[in-house]
Amino acid sequence: MNTQKTDIVPLGSLPRPTSGDDLATRVRTALQTGAGVADESAQRLQVAATLDGADVATLDVDLTGVVVSPREAKVARERAASFAPTSREPGTIRRLRVEAHPVTVSGAPVDVQVDVAGVPFEWVEGAQSELGLAPVEPQESAPVTGSARLSVSAAALEQAVERVATQVARGHGLTLTKLDAQFAPAGSNGVAVTVHAQVRKGVLSATVEAGANATVDDALGVTLSDVRATSRNPVVAALLVAARSRVERYEGRRMDLAASLPAGVRLTDVRVEVGTDLVLSARAH
């Protein structure tokens, strides 16, 4: 059975790397070509690694100053050719560090600090002498441990929301002329988002108000509430019905984050902090 390269990180051709420097070079190339890294920022991407047999003893990725586009990453994955595995060998990344102070994602600077241990993977060899690395779900008997923290300024997130809203509006035949997004704490551990926008359709202009609250409870349940998207303009209001209905079905429903994770990932202390920056942090044990 063929496995797509979207499931396997391509690391060039066989033989397998025998030094950390070789592996680091291959990982860096894979990130440049498959993660939507902008060419002008590619030189800032830093990778270091050490090997110990089939295991990667350490893998450090520094994305500080790098600009990435999820859209370009998706295009790169879709263009990837098929990978026909002929052999697999298990390994473990004993310590993985990913940091960025910041990395720019879709125009928004995001501060990232991830430090985890015990990440399982497989070395995959292909029929055309390809080499790849395939992620493997962690098992309960060998859980991933560590911590992660993501932070983005509210101002930068508002700009990102505006870019996305502009594209969404255009898809409905509307022109976005103004947008104001506000973020506030929701409960003891959540975020409330309120968006006021001005849109135009032909000679008609209308105001749109949208928003939602998302809260996280102590048992890692996420609940969406107060979902809304309205306009006093009947034409624009009608266009909002379909978009709102796709989200409103989750109104008041508790989504169990813990149940959706692999058995070997046990998150604790998931926190959402809202202020000048929006911060999401979590620990795994």
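Only a predicted model underlies this, so the values are computations on that prediction, with no experimental measurement involved. (Residues numbered from 1 in each chain as written. Predicted model: local features only at pLDDT ≥ 70, side-chain atom pairs only at ≥ 80, totals over all residues. Heavy atoms only, no water.)

Structural notes on helix H3 (residues 154-171)
- With 18 residues, H3 extends 26 Å between its outermost C-alpha atoms, agreeing within 8% with the 26 Å of an ideal straight helix rising 1.5 Å per residue.
- Where H3 is concerned, the buried positions are Ala154, Ala156, Ala160 and Ala169.
- At its buried positions, H3 is contacted by strand S8 (108-126), strand S10 (145-153), strand S11 (175-185) and strand S17 (277-284).
- Looking at the residues trailing H3, positive phi occurs at Gly173, about 75 degrees. (Helix = DSSP H or I, 4+ residues; strand = E, 2+ residues; numbered from the N terminus. Expected span 1.5 Å × (residues − 1). Buried < 20%, exposed > 50% of the residue type's maximum accessible area, 1.4 Å probe, protein only. Contact = heavy atoms within 4.5 Å.)

Some details on empty space enclosed by the protein
- Summed over all chains, the structure comprises one cavity of 30 Å³ or more.
- One number sums up the size of the largest cavity: a volume of about 30 Å³.
- For the lining of the largest cavity, the elements supplying multiple residues, two or more each, are strand S12 (190-201), strand S13 (204-216) and helix H4 (234-248).
- Residue composition of the lining of the largest cavity, by class: five nonpolar, two polar and two charged. (1 Å grid on protein atoms, 1.4 Å probe; cavity = no way out; pocket = protein on both sides within 12 Å on 5 of 7 lines; lining within 4 Å. Points joined across faces, edges and corners; volume = space filled by probe spheres on them. Nonpolar A, V, L, I, M, F, W, Y, C, P; charged D, E, K, R; others polar.)

Quick notes on the nonpolar core
- Membership of the largest hydrophobic core comes to 53 residues, with the highest contact counts inside it found for Leu11, Leu59, Leu63, Val103 and Trp123.
- Sorting elements by how many residues they give to this core places S8 first, with eight residues.
- With residues near it in sequence (within four places) discarded, Leu11 still touches Leu23, Arg26, Val27, Ala30, Trp123, Leu131, Gly132 and Leu133. (Core = buried A, V, L, I, M, F, W, Y, C linked by side-chain atoms within 4.5 Å.)

Quick word on the sheet that holds strand S15 (residues 254-256)
- Taking strand neighbours across the sheet as the criterion, the five strands line up as S11-S12-S13-S14-S15 in an open arrangement whose pairing is antiparallel. On the outer flanks of this sheet lie S11 and S15, each paired with one strand and no other. Between one strand axis and the next, the sheet turns by 20 degrees as a mean value, whatever way the strands run.
- Bridge count between S13 and strand S14 (residues 221-231): eight bridges; the pairing is antiparallel. Among the inter-strand pairings, Ala214 is bridged to a residue of S14, identified as Leu224. (Pairing = 2+ DSSP bridges. Axes fitted to C-alpha atoms, helices over the stretch in contact; angles between N-to-C directions.)

Focus on the side chain of Ser151
- Mapped onto the fold, Ser151 is located in strand S10.
- By relative accessible area, Ser151 is classed as buried at 8%.
- Non-local contacts of Ser151, meaning those with residues more than four positions away in its chain, are made with Pro109, Val110, Asp111, Asp277, Leu278 and Val279.

Comments concerning the environment of Ser19
- Along the chain, Ser19 falls in the loop between strand S2 (9-13) and helix H1 (20-34).
- Sequence separation of Ser19 and Val75 is 56 residues, and the distance between their C-alpha atoms is 31 Å.
- At 3.1 Å, the side chain of Ser19 forms a polar contact with the backbone nitrogen of Asp22. (Polar contact = N/O pair within 3.5 Å; in protein donor to acceptor, adjacent residues only side chain to side chain.)

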